[in-house]
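Descriptive structure summary
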Amino acid sequence: MTTVTATGTATRAPSVGTARTRVEGVAKVTGAARYAGEIPFTDLAHGWLALSTVARGRISALDTDAVLAMPGVLAVLDHRNALRLNTDFAGLLGMRPDPTCAVFQHDRVPHLGWPVALVVAETSEQAREAAESLVVHYEPEPHTTDFTAKTPDAYALDGVMPALTEKGDIEAELAASAVVVDAEYTTPEEHHNPMEPHAATAVWDEGRLEVVDSNQGATWVGGDLAGLFSLDPAAVRVRSEHVGGGFGSKGVRAHQVAAAMAARVVGRPVRVVMTRRQMFTLAGHRSPTVQRIRLGADTEGRLRALEHRALSHTSTVYEFVEPSAGVARVMYDADAHRTENRVVRLDVPSPTFMRAPGEAPGSFALESALDELAVACGLDPIELRLRNDAERGPVSGLPFAGRRLADCFREGARRFGWADRDPRPGTRRDGRWLLGTGTAAASFQAGAAPSTATATAHPDGTFTVRIAAADIGTGARTALTLVAADALGVAPERVRVRIGDSAFGPAMIAGGSMGTRSWSWAVTIAAEELRERLALGADIPAEGITVRSDTTAAIGALAAAERHSFGAQFAEVAVDTGTGEVRVRRMLGIFAAGRIINPLTARNQFLGGMTWGISMALHEEALRDRASGGLVGADLAGYHVATHADVPRIEADWIEDPDPDDPVGIKGIGEIGIVGAAAAVANAVWHATGARHRDLPISPDRVLTAGAPDA
């Protein structure tokens, strides 16, 4: 046994706040880190999904006999022989699972690319050839995939927030306003496209299900699989150690459920991996939006009326709302304030959470409208925002747990050189290029969810922390190592953090910018209690001393407040009105996002979000073919995103903003980087050309056809 009497914190500098390379970095670059589709299993079989080729209708027949006779084929699962699943349960955030994941339960086809069968074979090549040879007969029905603002079937829908909020008389305040902006903004359908495809391997052992997966929360996936298969949650284990990106798409999907079904049928492990094209259909997407903003202001630019109405689409099998109007509930107050999120059902796949759901498209509309109001009022865009900086929640009336938005704008303006800006559009040139600068505000919620963690002290002086967290590329594993080291009072090299296993107990998912905050809270409590025990001179047995934490009570005791990260985005663009080309020359983001755990990976997250904002502004657009109901160019060749050549100079930094109610001071940074970025680029394009673009992306054809300049 080893007796530990102190942990040495008196002479140690804090680990939190210092730049650290990823603890798993060497394993990843050398290939030692294995992803879900690479982990070996004995006697592994492979499944391949066959998807519908019609956008709406019924399956009348499947010719499976010929497929079953093909080399290596073990089984074909479809609605006639698949296990019956339970969908009557509440999953994450109290939401029912997307019925798309409850595969092969009926003969209905609600959209193109709906899973109609799974072919299981000895090799993935055999499974794919057989799946592509499967003949499915349909009874097609008329379908509708057109998304427009004038649909008569739209309705208000609560999602993660109420559909409607309102106070005051909008019409009366607009009528009394000296300046009014009334404009419509649109954003297209967008897709996540993480580098690592969705992959899952399932194996059954005496009624217990184990799944090795690529996901954003082992607790989430394990809980939903338990519900779907009517199992005790303790009978399901989900492991997901390394994840190559998620952005909201890696929850419970068809491939995990299909793999579990097939593994039970064939009595051996079964792996199902989505192709890139299948990911465009089965992994969710961001709905297109149509947003109407009405702003009314007095002669000083102070808002009297703010109305933000947003419309998005959802599928016919599952209701999901893109809550774009929610951003207005946080950013700016007015005497009359109204926001509403509405949806329309179409014959399309189910949308889902995508990085900064609601805030990303919502900030484009709201921050573009604020820019238009500033022009109409003859005010600098930053000055207009500062005059309307809310002191309390515009809708909730609650105090802000920190709101340093004005400081972000002042610091950003200083570093960007905003004071030298000529406010007149179309006045700066660099040869054939028109130059312009724009800005926008950013915000994202800073929530926390209950989580559990364990901390173990070993006789050799090392420590192991276990928590069902997910590192989807954000550097969460490294951040938790630094947090644990400080709480224990030891060097990070003495701490090993194990994550991605539902057996470690319930924990928050990697989503909503709440992951690291929620996990750090649980890790801190466990580590501090363990440290106290060790300080009393506890003997450490061979199996170690373990302390378990649960933050449910602590988080439930938080006082009601508006908790958010804030930021200010700045962009400079060059526009060639002869070719329609838009180039972002430089971007700057200044953020107030709580205590920064690891500056190295934090900056990476901010820059990644801002780069995605460039993609959103200039490139990303998924188009649907009206005749087939399917996407045009559902691959990385046809779906354009920003590359290194599109991002010559991009900077992100932050100001001090620790959350006093959080034991580490964290707020969250994963999503705020994209919020406001597209609006800053769009506002810069207006400043360069004098033409206002209210529809994304700002593609060359739209620049060429923008018409006469307007304000």
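Scroll up to find the structure this text is about.
Conventions we followed
- Residues numbered from 1 in each chain as written.
- Predicted model: local features only at pLDDT ≥ 70, side-chain atom pairs only at ≥ 80, totals over all residues.
- Heavy atoms only, no water.
- Pairing = 2+ DSSP bridges.
- Helix = DSSP H or I, 4+ residues; strand = E, 2+ residues; numbered from the N terminus.
- Axes fitted to C-alpha atoms, helices over the stretch in contact; angles between N-to-C directions.
- Contact = heavy atoms within 4.5 Å.
- Buried < 20%, exposed > 50% of the residue type's maximum accessible area, 1.4 Å probe, protein only.
- Salt bridge = Lys/Arg side-chain N within 4 Å of Asp/Glu carboxyl O.
- Phe/Tyr/Trp six-rings, centres within 6.5 Å; stacked < 30°, edge-to-face > 60°.
- Lys NZ or Arg CZ within 6 Å of the ring centre and 35° of its normal.

1. Re the sheet that holds strand 19 (residues 433-445)
Here we have five strands laid out as an open sheet, ordered 18-19-25-26-29, and mixed in their pairing. Both edges of this open sheet fall to strand 18 (428-430) and strand 29 (650-654), since each of them pairs with a single strand only. Ignoring which end each strand starts from, the neighbouring axes of this sheet average 30° apart. Direction of pairing for strand 26 (residues 581-592) relative to strand 29: parallel, over a ladder of five bridges. Bridge pairing in strand 29 links isoleucine 590 to aspartate 653. Sitting on the sheet, helix 15 (residues 599-618) touches strand 25 (564-576), strand 26 and strand 29, and the angle it makes with strand 29 is about 130°. Set on the sheet, helix 16 (residues 677-689) makes contact with strand 19, strand 25 and strand 26; between it and strand 19 the angle comes to about 155°.

2. Some points on the pairing of strand 2 (residues 45-51)
Along strand 2, six of the seven residues are buried, which leaves the element largely enclosed by surrounding structure. Of the pairings in the sheet, the one linking strand 2 to strand 14 (residues 270-273) comprises three bridges and is parallel in character. Each residue of the ladder has a partner; that of histidine 46, found in strand 14, is arginine 271. Strand direction decides the pairing type here: strand 2 and strand 6 (residues 115-121), joined by six bridges, are antiparallel. When the sheet's bridge partners are listed, histidine 46 is paired in strand 6 with alanine 121.

3. Focus: the pattern of salt bridges
Summed over the entire model, instances satisfying the criterion amount to 56 salt bridges. Arginine 58 is paired through a salt bridge with aspartate 107; the nearest N and O atoms lie 2.9 Å apart. Here arginine 58, found in strand 3 (residues 57-63), pairs with aspartate 107, found in the loop between strand 4 (73-77) and strand 5 (108-109); they are 49 residues apart in sequence, far enough to count as distant. Arginine 58 sits in the partly exposed class, given a relative accessible area of 34%. Classification of aspartate 107 as partly exposed rests on a relative accessible area of 23%. Among the salt bridges present, the one from glutamate 340 reaches arginine 342, with a minimum N-O distance of 3.4 Å. The buried category is assigned to glutamate 340, whose relative accessible area is 7%. Within this structure, Glu166, Glu171, Arg294, Glu307, Arg309, Arg338, Glu340 and Arg342 form a network of salt bridges that share partners.

4. Focus: the environment of glutamate 391
Here glutamate 391 lies in the loop between helix 10 (381-387) and helix 11 (405-416). Residue glutamate 391 is classed as exposed on the basis of its relative accessible area, which comes to 75%. A C-alpha to C-alpha distance of 42 Å links glutamate 391 and valine 547, two positions 156 residues apart in sequence.

5. Some points on the packing of aromatic side chains
Tallied over the entire structure, the rule returns eleven aromatic pairs. Ring centres of phenylalanine 409 and phenylalanine 570 lie 6.3 Å apart, and the angle between their planes is 80°; on these two criteria the pair is classed as edge-to-face. A residue pair is termed long-range when its members are at least 10 positions apart, and phenylalanine 409 in helix 11 and phenylalanine 570 in strand 25 qualify at 161 residues. Overall, the relative accessible area of 0% leaves phenylalanine 570 in the buried class. Geometrically, the ring pair formed by phenylalanine 591 and phenylalanine 606 is stacked, given 4.4 Å between the ring centres and 5° between the ring planes. Of this pair, phenylalanine 591 sits in strand 26 while phenylalanine 606 sits in helix 15, and the two are 15 residues apart along the sequence. Each member of the pair, phenylalanine 591 as well as phenylalanine 606, is classed as buried. Here the aromatic residues Phe409, Phe416, Trp418 and Phe570 are joined through ring pairs into a cluster of three or more. The side chain of arginine 264 reaches across the aromatic face of tryptophan 204, ending 3.8 Å from its centre. Over the ring of phenylalanine 400 we find arginine 403; its NZ or CZ atom is 4.7 Å from the centre of that ring.

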